[in-house]
Every structure is written in C-alpha cells, then in structure tokens.
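Each chain is listed here by its residues.
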Amino acid sequence: MAQGQVVGYKRVSSEGQNTARQLDGLTLDRIFEEKISGKDANRPELKAMLAYVREGDMVVVHSMDRLARNLSDLLSLVNDLTSRGVRIRFEKENLTFNGQDDPMSRLMLSMMGAFSEFERSIIRMRQYEGVQLAKKRGAYKGRKPSLSSTQAEQLRLRAQAGEKKAVLAREFGISRETLYAYLRATA
C-alpha cells in the first residue's frame, strides 16, 4: 500500500465550542473541521473528507465520538474507509484500523463504540431528568423568546399583509420554522 497523506477530521457540536485541543501537535497534510452535531452522518466536512481520501491515506480523529455518535455509524464509516485502503486512527483510544485487523481489534472497535454510544445516552437521560426537576421547582422556564412582543406583532402584521416569509425571517434574524411558530401562536 502506498504511503499517502495524513488527513485530520475535527468536529465539535456547536459554534461556541473550540476544536483547538483536537489533534493538537500532530502533523497533518489536510484538516477537515466542522461545528455540527454528530447525531447525523450527513455532515458536509465529513462527506468532503470521505470524498478526498485515497488508498494509502490515514485519517486521524481525536476520538471515536468525534466521528460518529452511534455504533452503527462508527462501524459503517470505519468499514467504508478501510475497504478503500484508508487507515483510520483514533488518538484518544490509541486504536488504528486498516482493514486487515485481527478479531481483537474489531472487538475493541465495537466495544469502545458501544461504550461511547451508551455514555451519550446516559448524558441525555441525566439532562432530561435535570430539566424535569428544574421545571417542577419552577427554575426552568425554557428558552427565551427570539422576538419581543412588539417584534412578534410586527412580524404577524407584515406576514398578514403578504410579505414573503423568507424575507421576514432574514430581517428578524430567525429561522423560517421560528417564524411559522410565531404565526401559529396567533392562529
């Protein structure tokens, strides 16, 4: 197998997070980086990285949970890469896969991926329980409204007057779904 490029993939779940600690100190030929939830395999930079890598390349990822949020997606991505002659390395877990892996390596991939998925499920469950307890205490009021009551009224009047909803959403700095939620609230 020819020696190829070392390609990094970094991901955080939201714009406010930072990828600086991921793959810090490694020499990489190319980095694909995105700030998007990992719950969906439909990620633009992931797709670009998958299209970019060739036989002989190595993909380096900080940890398994940065590549995939569930075991099925993790196994699918690793199998896709290794079947094309691309090695994949997970730094945090200190595991590398090349398609010629022994049964123990495959077991480790499955176990570590399953533990990551389990951990994520536990975090979501604890978060939900915390929100429910906060609601009972009256401490959780939910997300603050995107628009003031004056802005919401202006939005409704202008939408009723026939202005295009996409234009209104951009002007008010809200998504179209949020705009429709405001319009439904008065219906």
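The coordinates are above.
Residues numbered from 1 in each chain as written. Predicted model: local features only at pLDDT ≥ 70, side-chain atom pairs only at ≥ 80, totals over all residues. Heavy atoms only, no water.

> Quick question: what am I supposed to make of the packing of helix α3 (residues 71–83) against helix α4 (residues 103–137) here?
To characterise two packed helices, one gives the angle between the axes of the helices and the distance between these axes. Their axes nearest at 9 Å, the elements α3 and α4 cross at an angle of 145°. Viewed along their axes, α3 and α4 form a crossing whose handedness is right-handed. Contacts from Leu71, Leu74, Leu75, Val78 and Asn79 in α3 reach Arg106, Leu109, Ser110, Gly113, Ala114 and Glu117 in α4. Each residue belonging to the contact of α3 with α4 can be placed in one class, and the counts come to six nonpolar, three polar and two charged. (Axes fitted to C-alpha atoms, helices over the stretch in contact; angles between N-to-C directions. Helix = DSSP H or I, 4+ residues; strand = E, 2+ residues; numbered from the N terminus. Left-handed = near helix turned anticlockwise from the far one by under 90°. Contact = heavy atoms within 4.5 Å. Nonpolar A, V, L, I, M, F, W, Y, C, P; charged D, E, K, R; others polar.)

> Help me out: how do you make sense of unusual backbone geometry in this one?
A positive phi angle, near 65°, is found at Leu23, a position not held by glycine. Structurally, the position occupied by Leu23 is in the loop between β1 (6–12) and β2 (30–35). Look at Leu23 and you get buried, because its relative accessible area is 7%. Positive phi is not limited to glycine here, since Asn94 has a value of about 55°. Looking at the element boundaries, Asn94 is found in the loop between β4 (87–90) and β5 (95–97). Accessibility expressed as a relative area gives 54% for Asn94, which makes it exposed. (Buried < 20%, exposed > 50% of the residue type's maximum accessible area, 1.4 Å probe, protein only.)

> Looking at this structure, I do not really get the packing of helix α5 (residues 149–160) against helix α7 (residues 176–186). What am I missing?
At a minimum axis distance of 10 Å, the contact between α5 and α7 shows a crossing angle of 85°. Here α5 lies roughly perpendicular to α7, going by the angle between them. Of α7, the residues touching α5 (which contributes Ala152, Leu155, Arg156 and Ala159) are Leu179, Tyr182, Leu183 and Thr186. Along the lines of polarity and charge, the residues of the contact of α5 with α7 split into six nonpolar, one polar and one charged. (Parallel < 35°, antiparallel > 145°, perpendicular 65-115°, else oblique.)

> Help me out: how do you make sense of the side chain of His62 in this one?
Checked against the element boundaries, His62 lands in the loop between β3 (58–61) and α2 (64–67). Exposure remark for His62: the relative accessible area of 14% places this residue in the buried category. Within the structure, His62 has its side chain in polar contact with the side chain of Arg21 (distance 2.8 Å). (Polar contact = N/O pair within 3.5 Å; in protein donor to acceptor, adjacent residues only side chain to side chain.)

> Any chance you could explain the sheet that holds β3 here in plain terms?
Two modes of strand pairing occur in sheets, parallel and antiparallel, and in both the strands are linked by backbone hydrogen bonds. If you trace the five strands from one edge of the open sheet to the other, you get β2-β1-β3-β4-β5, paired in mixed fashion. Only two strands of the sheet have a single neighbouring strand rather than two, namely β2 and β5. Recorded for the sheet is a direction-independent mean angle of 20° between the axes of neighbouring strands. The pairing of β3 with β4 spans four bridges and is parallel. When the bridges of β4 are listed, Val61 appears paired with Phe90. Where helix α1 (residues 44–52) meets the sheet, its contacts fall on β1, β2 and β3, and the angle it forms with β2 comes to roughly 160°. Strands β4 and β5 of the sheet are contacted by α4, whose axis makes an angle of about 120° with β5. (Pairing = 2+ DSSP bridges.)

> Sorry, what's going on with the packing of aromatic side chains here?
Two measures describe an aromatic ring pair: the distance that separates the ring centres and the angle between the ring planes. Per the counting criterion, the structure on display carries two aromatic pairs. Taking the centre distance of 5.5 Å and the plane angle of 55° together, the rings of Phe32 and Tyr52 count as tilted. With a gap of 20 residues between them, Phe32 in strand β2 and Tyr52 in helix α1 connect regions that are remote in the sequence. Residue classification places Tyr52 among the partly exposed positions, given a relative accessible area of 27%. Arranged with centres 6.3 Å apart and planes meeting at 65°, the rings of Phe90 and Phe97 form a pair that is edge-to-face. The buried category is assigned to Phe90, whose relative accessible area is 0%. A cation over a ring is seen here: Arg30 above Tyr52, with NZ or CZ 4.6 Å from the ring centre. (Phe/Tyr/Trp six-rings, centres within 6.5 Å; stacked < 30°, edge-to-face > 60°. Lys NZ or Arg CZ within 6 Å of the ring centre and 35° of its normal.)

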